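Descriptive structure summary
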Amino acid sequence: MANFSIAQPLSLPRHPTFSNPNQPTTNNERSRHTLSLIDRCADLRQLKQIHAQMVRTGLFNDHYSASKLFAIAALSPFASLDYACKVFDQIPQPNSFTWNTLIRAYASGPDPLRSICVFLDMVSESQCYPNTYTFPFLIKAAAEVSSLSLGQSLHGMAVKSSVGCDVFVANSLIHCYFSCGDLDSACKVFTTIQEKDVVSWNSMITGFVQKGSPDKALELFKKMESEEVKASHVTMVGVLSACAKLRNLEFGRQVCSYIEENGVKMNLTLANAMLDMYTKCGSIEDAKRLFDTMEVKDNVTWTTMLDGFAILEDYEAARDVLNSMPKKDIVAWNALISAYEQNGKPNEALLVFHELQLQKNIKLNQITLVSTLSACAQVGALELGRWIHSYIKKHGIRSNFYVTSALIHMYSKCGDLVKAREVFNTVEKRDVFVWSAMIGGLAMHGCGNDALDMFYKMQEANVKPNGVTFTNVFCACSHSGLVDEAESLFSKMESNYGIVPEDKHYACIVDVLGRSGYLEKAVKFIEAMPIPPSASVWGALLGACKIHANLNLAEMACTRLLELEPRNDGAHVLLSNIYAKSGKWESVSELRKHMRVTGLKKEPGCSSIEINGTIHEFLSGDNEHPMADKVYGKLNEVMERLKSSGYEPEMSQVLQLIDEEETKEQSLNLHSEKLAICYGLISTEAPKVIRVIKNLRVCGDCHSVAKLISQVYDREIIVRDRYRFHHFRNGQCSCNDFW
DNA sequence: TTAGGGTTAG
């Protein structure tokens, strides 16, 4: 028996809703009056007062009255599971209704599995049998925790209890099977329901939408219509969501008219679903019109609108929406951060994150941290990344697979492979994304064999690789010259792993072959492709032609690439470099003229370095930095010192696009990575590692200079270029000059 | 006598 004490003599609540001009006189009337008060309770305090009075007057001994009180304690908006349990313990011999109510309360609580324990107590301790009310709650709990085996067991029990055909039980099972990813079982249950109701259809439609088959959801909706089942507002939410996922504006608009013509009851959720459909389908005008007419808006409304602008990369409008929100929440902030981060604007994402940190009463969640870590990875903001890592530990934020993968990715891309491995090693569970992130990290640092080991360990751990895993593995092979391994794995992708190679995988293999000098083999591989080669396939071949100075093949690859992407500046620059390397200066100038006439610009080289949490960017020949004078002063000193150690500038690296007044050597010295390294030398002390991130591939001269600086100045330098990492130490680079 | 299943943003 729980310990429940009546704290004070009951005084009927003074709350105005409780005043009753006609005081009840008889016992029956008093009971009825008390029961009506239960229904009108506004908070737990009032309920407890009624409880006390019921105990005092003996009304609590009446089973019906006690269970009414209990149901409110367990399920009302102000419910308290703790208190409800105490009330439950006071009820002698609870009946099915009371047990079911307790099961229901637990099933929708924070720990749904506890409802199963209550169910087991009910079966073992009471004379009550589970009925058509019991199973939907239990099955809901199984759905909440996505436990297929539990769902299946409950399904079996329901059948044995002769309630398997009940439409409520069947509908819960459909929902549960979808949640557990067992679409076949969900469909089987659906077909066995003899008298399907609208919820049966809704469960199927919603299930298909949520499990990535919006087309099937729409098919089902059409079938539902043909069977003349009247759609509800929940049906329409599902159907609109399917349209949004399919980006089918035309059908989406028809659905909106359907809702109006068929008198489907509108509510806020449905209006939000319409708004979402318009924004996802790219019709911001429709969205704005609807948004302006909505009298009631919640945070979903605001965030959907914000996201709509973000999709169109209208960040100013998105920002306005955030500013206008009456109560900004973390989801809205996350929407803006991830919009920037996913559209290649990581610096902007970080600025928003810093602003968010200044807000009071808004707690960062996993999504905030994952998006921000990804932005850190892009710009190489290692210090902020570390801060987020310690924030996660300090605030006990539950690390899920997304967070773990994001941390591994951040540490790897910021050049701290040791820390990336540490994160990987300390987690107990790893899914395919975690493994792939680690393989990707090893790949970009040139640890090809370690990456392959990881790939095999992953399979020993019974984790199935996906397309991303293979991309990362091939990338690792490419940077380490592991041609045979890459070819062998590629040939098994479909047969052994069931993954159909995509364009990016073909591009990887061309890269593997090409880098290692097997140019003819790479061409034959392209010719045998079952899908048309994409720009990235030709780009990989072109890159290899540059390394191995194969002019004829380069011209062919570039022509094919430019047929697909006429405005690919990288291709123009690569070809120009190859011409220059072969001394074909006429061709260089023709290409340069072509670029000028067509307004095509070479992406300027840009290198960044993080000092005390601030990212400093340097463009080629940059004078914008406040300490530019000192940087150039340091650069001169460095070059003199290196020359006296025997360094000679690699003029062959000055390949193209030099303005006439510049000398070749000056041009080399203006490279952004040299400026960033020099800034690192003057802003930090040994033995701090100098970490630089460059947007393009590092040039040969800068590579030699970095090696020499690491020796002459005894500083470790880590440079991330567009393709991989270079660790310079004692005059050597981790890439073994193979990049 | 009581009640239940399906709903939108990241």
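Residues numbered from 1 in each chain as written. Chains lettered and ligands numbered in written order. Predicted model: local features only at pLDDT ≥ 70, side-chain atom pairs only at ≥ 80, totals over all residues. Heavy atoms only, no water.

For chain A, an unreviewed UniProt entry supplies the name DYW domain-containing protein and the organism Eutrema salsugineum.

What follows deals with the overall build of chain A. Broken down by element type, chain A carries 38 helices and 6 strands. With the C-alpha coordinates of chain A rotated into their principal frame, the extents come out at 110 × 55 × 55 Å. When the 739 residues of chain A are sorted by exposure, 51% land in the buried category. Within chain A, contacts between residues at least 6 apart in sequence are counted, and of these 62% link residues at least 24 apart. Just so you have it, chain A exposes about 36,500 Å², and 50% of that area is on carbon and sulfur atoms. Placing the 76 positive and 83 negative side-chain charges of chain A at their respective mean positions leaves the two points 5 Å apart. (Helix = DSSP H or I, 4+ residues; strand = E, 2+ residues; numbered from the N terminus. Buried < 20%, exposed > 50% of the residue type's maximum accessible area, 1.4 Å probe, protein only. Contact = heavy atoms within 4.5 Å. Areas by Shrake-Rupley, 256 points an atom, 1.4 Å probe, with all protein chains shown as cover. Lys, Arg positive; Asp, Glu negative; His and termini not counted. Charge placed at Lys NZ, Arg CZ, Asp CG, Glu CD.)

Attention now goes to the packing of helix α13 (residues 233-246) against helix α14 (residues 249-261). With their axes 9 Å apart at the nearest point, α13 and α14 run at an angle of 165° to one another. By the angle between their directions, the pair α13 and α14 is classed as roughly antiparallel. The crossing of α13 and α14 is left-handed. Counting all contacts with α13, which are made through M236, V239, L240 and C243, the residues of α14 involved are F251, G252, V255, C256, Y258 and I259. (Axes fitted to C-alpha atoms, helices over the stretch in contact; angles between N-to-C directions. Parallel < 35°, antiparallel > 145°, perpendicular 65-115°, else oblique. Left-handed = near helix turned anticlockwise from the far one by under 90°.)

What follows deals with the environment of T598. Position of T598 relative to the elements: it lies in the loop between α34 (585-597) and β1 (606-611). Residue classification places T598 among the partly exposed residues on the basis of a relative accessible area of 32%. The sequence separation of T598 and L489 amounts to 109 residues, and the corresponding C-alpha distance is 42 Å.

Per the domain assignment, the segments making up chain A are domain 1 (502-602) and domain 2 (606-733). Taking the mean C-alpha position of each, domain 1 and domain 2 sit 27 Å from one another. (Domains from an automatic or database assignment.)

Attention now moves to the sheet that holds β1. Read across the sheet, 6 strands follow the order β2-β1-β3-β4-β5-β6 without closing on themselves; strand pairing throughout is mixed. Single-partner strands in this sheet number two, and they are β2 (614-619) and β6 (732-733). (Pairing = 2+ DSSP bridges.)

As a further point, take the confidence of the model for chain A. Mean pLDDT over chain A stands at 90; residues scoring 70 or higher make up 94%. Scored below 50 in pLDDT, residues 1-21 shows 28 contacts in the model against residues more than four places distant or in partner chains. This model gives residues 657-662 a pLDDT under 50, and the stretch forms 9 contacts once residues within four places in sequence are excluded. (pLDDT = per-residue confidence, 0-100.)

Interaxial distance between helix α35 (residues 628-644) and helix α37 (residues 672-683) falls to 9 Å at its minimum, and their mutual angle equals 95°. In terms of axis orientation, α35 runs roughly perpendicular to α37. Of the residues in α37, those in contact with K630, V631, Y632, K634, L635 and V638 of α35 are K674, L675, C678, Y679, L681 and I682. Tallied by class, the residues present in the contact of α35 with α37 amount to 9 nonpolar, no polar and 3 charged. (Nonpolar A, V, L, I, M, F, W, Y, C, P; charged D, E, K, R; others polar.)

Take the protein's contact with DNA strand B next. Residues in close proximity to DNA strand B total 39 residues, the closest being T132, N171, D197, N202 and S232. Within the side chain of S67, one N or O atom sits 3.2 Å away from a base nitrogen of DNA strand B. In the model, a sugar or linking oxygen of DNA strand B is placed 3.4 Å from a nitrogen or oxygen of the S338 side chain. Here the surface near DNA strand B is built from residues that sort into 12 nonpolar, 20 polar and 7 charged. (Near = heavy atom within 4 Å. Polar contact = N/O pair within 3.5 Å; in protein donor to acceptor, adjacent residues only side chain to side chain.)

Turning to the UniProt feature "repeat: PPR" (unreviewed entry) in chain A, a few remarks are in order. Within the UniProt annotation, "repeat: PPR" (unreviewed entry) is assigned to residues 197-231, 267-301, 329-364, 431-465 and 466-496. Overall, residues 431-465 shows 74% helix and 0% strand. The separation of its end C-alpha atoms is 9 Å. (UniProt positions renumbered as here; feature names shortened; annotations may be inferred.)

Before going further, it helps to examine the pattern of salt bridges. Tallying each qualifying case throughout the model produces 18 salt bridges. We note a salt bridge from K634 to E637, for which the minimum N-O separation is 3.4 Å. Of this pair, K634 and E637 both sit in helix α35, separated by 3 residues, roughly a single helical turn. Assessed through its relative accessible area of 16%, K634 is described here as buried. Among the charged side chains, a salt-bridge network with shared partners connects R253, D286 and R289. (Salt bridge = Lys/Arg side-chain N within 4 Å of Asp/Glu carboxyl O.)

Look at helix α9 (residues 167-179): 18 Å from first C-alpha to last across 13 residues, which is about the 18 Å you get at 1.5 Å a residue. For α9, the buried fraction is high: 11 of the 13 residues fall into the buried class. All of the buried residues in α9 are V167, V169, A170, N171, S172, L173, I174, C176, Y177, F178 and S179. Looking at the buried residues of α9, the elements they touch are α7 (134-144), α8 (148-160), α10 (183-192) and α11 (198-210). Between the side-chain oxygen of the N-cap and the backbone nitrogen of F168 there are 3.0 Å, and the N-cap of α9 in question is D166. (Expected span 1.5 Å × (residues − 1).)

Let us look at helix α17 (residues 299-311). Each α-helix turn comprises 3.6 residues. Residues three or four places apart therefore point the same way. The first and last C-alpha atoms of α17 sit 18 Å apart over 13 residues, in line with the 18 Å expected at 1.5 Å per residue. Those residues of α17 not exposed but buried are T301, W302, T303, T304, M305, L306, G308, F309 and A310. Here α17 starts with a cap whose side-chain oxygen sits 3.1 Å from the backbone nitrogen of V300, and that cap is D298.

With that out of the way, let us pick up the pairing of β2. Bridge count for β1 against β2 is 6 bridges, and the pairing is antiparallel. Paired with I609 across the bridge in β2 is H616. Count of turn residues in the β1/β2 antiparallel hairpin: 2 residues, of which N612 carries a positive phi of about 50°.

Our focus in this paragraph is the packing of aromatic side chains. All chains considered together, the criterion is met by 21 aromatic pairs. Ring centres 5.1 Å apart and planes at 75° place the aromatic pair F424 and W435 in the edge-to-face group. Residue F424 is found in helix α24 (residues 417-426), and its partner W435 is found in helix α25 (residues 432-444); the two are separated by 11 residues along the sequence. This pair shows no difference in class: F424 is buried, exactly as W435 is. Ring geometry for F455 versus Y497: centroids 6.0 Å apart, planes at 50°, classification tilted. Residue F455 is found in helix α26 (residues 448-460), and its partner Y497 is found in helix α28 (residues 483-497); the two are separated by 42 residues along the sequence. The class of F455 is buried, set by a relative accessible area of 0%. What makes Y497 buried here is its relative accessible area of 14%. Taken together, the ring pairs in this structure connect F455, Y456, F470, F474, F490, Y497, Y506 and F525 into an aromatic cluster. (Phe/Tyr/Trp six-rings, centres within 6.5 Å; stacked < 30°, edge-to-face > 60°.)

Okay, the environment of S283 next. The residue S283 is located in the loop between α15 (268-280) and α16 (284-293) in this model. Judged by its relative accessible area of 5%, S283 is buried. In this structure the C-alpha to C-alpha distance between S283 and G308, which are 25 residues apart in sequence, comes to 8.7 Å. Dropping the residues within four chain positions of it, S283 is found in contact with L249, R253 and Y278.

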